[in-house]
Amino acid sequence: MYFYKNHFTTSMIPSLKLFHLIKSLGKHEKAYFKLFCKNRAGETSGYVRLFDAIDNQKEYDEEKIKLFFKGHSFIKRLSAVKGYLYHSILQSLCLFYSGKTLEGKISKVLEFGKALFNKGLWEQSESIILKAKQLALSNDMFPPVLEALRIEHWIISQKPNSLNTDDSTKKLYAEEKEILRKHGNICAYNNLLSQVVRLKNKFVYAREKYHNSAFRHIMQNPLLKHIDKALSFEAQVLFYKIKIAFYEINSNLKKCFEYGKGMVEIFERGMITNENRFKKYIHALYSLSSIEITLGRYAAAEETSKKIKNVPLAFPGFATEELFIFLFKLTAMNESHLYLSSGDFAKGMGIVRENEKGLKRFGEKIENQIKLAIHYNMSYLCFGNGEYRVAL
């Protein structure tokens, strides 16, 4: 955990931005940044040493930084070095994630297509752009599709001896209209979800007449009449999220369960095609399990929890160290909640043993507040099972 002073001058704000950026970096991100710096300017460059000094602080203290680097030449231009360090970190983060996310991969392929176009290699450019467009389309990523279509327009205008330019242009225009329609549909659902969440955060239960009216006005939107109004998979996920949030606010858990189950089912129809959807699927399972526990459907919650645990086996392509840490945190809290709620403390002791192994394996990579919550639940389960000494 890190802190910063409440009183600071306007000139210190950029320093705090740098401090928070550095503190937000994970172990692998920091290691990559060091490698990035070494390749560019040498490992002992001033801004790398400044990075380490700031990283070692629990709260940002510029006077200590100046004192620590007293006599070093770069301290005279500290403001410029901080600015350079900040942008260097952002550059390294972009490179670190450029090939790791689907968005990054598609963006890179589009850049390749532009480079080929600029070299006058239009057929090669078209071939690679079409691949990027298809990949984006299959994942409902419409902004890069629009970018691909824009490049296709360039290619058509430059191709020599093109006999079907008019037909091709009309076809591209029709594609653009359809993509804009689907993208606009997602934007509309996002807007509705934002409205519901904003009201939900203000008022836990929609008891007051005005707030009930505001919620119901949102839910009367034609887009929320039926799932068929959602024109893409991403829009369908948003449809279910809105419905779950609304019925949760109104304490209608049966409806929450109905729509929570529906959301899991659309993922399980073979729509988990990228890491982003994969993570959304896990959250959908967790949400469904929580609803089942609240409804007292403990056997169903147990089955849903097993699904969450078996995710790495079902989708080995997404099984990373980060995933195992994430799943451990999720299942440790979820299953503790399940057996504390059901009162099945004997089964709960099995979870205690699993959690002990998980904490031993991942302990250093888990936030302190989450570790405390896991330990608290373990103690509670031990106490419920009559193992009082272990509970202490």
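Residues numbered from 1 in each chain as written. Predicted model: local features only at pLDDT ≥ 70, side-chain atom pairs only at ≥ 80, totals over all residues. Heavy atoms only, no water.

> So what exactly am I meant to see when it comes to the overall build of the chain here?
Of regular secondary structure, the chain possesses 19 helices and zero strands. For the C-alpha atoms alone, the extent of the chain along its principal axes is close to 85 × 70 × 45 Å. Taking all 392 residues of the chain together, the buried fraction comes to 41%. Of all intrachain contacts in the chain linking residues separated by at least 6 positions in sequence, the fraction that spans at least 24 positions is 63%. If you sum the accessible surface of the chain, you get close to 22,900 Å²; carbon and sulfur atoms cover 55% of it. In the chain, which carries 60 positive and 40 negative side-chain charges, the distance between the mean positions of the two groups comes to 4 Å. (Helix = DSSP H or I, 4+ residues; strand = E, 2+ residues; numbered from the N terminus. Buried < 20%, exposed > 50% of the residue type's maximum accessible area, 1.4 Å probe, protein only. Contact = heavy atoms within 4.5 Å. Areas by Shrake-Rupley, 256 points an atom, 1.4 Å probe, with all protein chains shown as cover. Lys, Arg positive; Asp, Glu negative; His and termini not counted. Charge placed at Lys NZ, Arg CZ, Asp CG, Glu CD.)

> Where do I start with the packing of aromatic side chains in this structure?
Throughout the structure, instances matching the rule amount to 18 aromatic pairs. Aromatic pair Phe-328 and Phe-362: ring centres 5.9 Å apart, planes at 45°, arrangement tilted. Highlighted residues: Phe-328 in helix 16 (residues 321–342) and Phe-362 in helix 17 (residues 345–362), separated in sequence by 34 residues. By the burial criterion, Phe-328 is buried, and Phe-362 matches it. Joined through ring pairs, the aromatic side chains of Phe-233, Phe-267, Phe-278, Tyr-281, Phe-315 and Phe-318 make up one cluster. A cation over an aromatic ring shows up here: Arg-297 above the ring of Phe-257, its NZ or CZ 4.3 Å from the ring centre. (Phe/Tyr/Trp six-rings, centres within 6.5 Å; stacked < 30°, edge-to-face > 60°. Lys NZ or Arg CZ within 6 Å of the ring centre and 35° of its normal.)

> Would you mind showing me how to read the packing of helix 8 (residues 142–158) against helix 9 (residues 165–202) here?
If you want to describe how two helices pack, look at the angle between their axes and the distance between the axes. Between helix 8 and helix 9, whose axes approach to 10 Å, the crossing angle comes to 165°. In terms of orientation, helix 8 lies roughly antiparallel with respect to helix 9. The crossing of helix 8 and helix 9 is left-handed. When helix 8 is examined against helix 9, the residues Phe-142, Pro-143, Val-145, Leu-146, Leu-149, Glu-152, His-153 and Ile-156 are found in contact with a partner set consisting of Thr-165, Ser-168, Thr-169, Leu-172, Glu-175, Glu-176, Ile-179, Leu-180, Lys-182, His-183 and Ile-186. Grouping the amino acids of the contact of helix 8 with helix 9 by side-chain chemistry returns ten nonpolar, five polar and four charged. (Axes fitted to C-alpha atoms, helices over the stretch in contact; angles between N-to-C directions. Parallel < 35°, antiparallel > 145°, perpendicular 65-115°, else oblique. Left-handed = near helix turned anticlockwise from the far one by under 90°. Nonpolar A, V, L, I, M, F, W, Y, C, P; charged D, E, K, R; others polar.)

> Please explain the packing of helix 13 (residues 275–294) against helix 14 (residues 298–309) as it appears in this structure.
Where helix 13 meets helix 14, the closest approach of the two axes is 8 Å, and the angle between their N-to-C directions is 160°. Judged on the interaxial angle alone, helix 14 and helix 13 are roughly antiparallel. In this structure, the crossing between helix 13 and helix 14 has a hand that is left-handed. Mapping the contact onto sequence places Tyr-281, Leu-285, Tyr-286, Leu-288, Ser-289, Glu-292 and Ile-293 in helix 13 and Tyr-298, Ala-300, Ala-301, Thr-304, Lys-307 and Ile-308 in helix 14.

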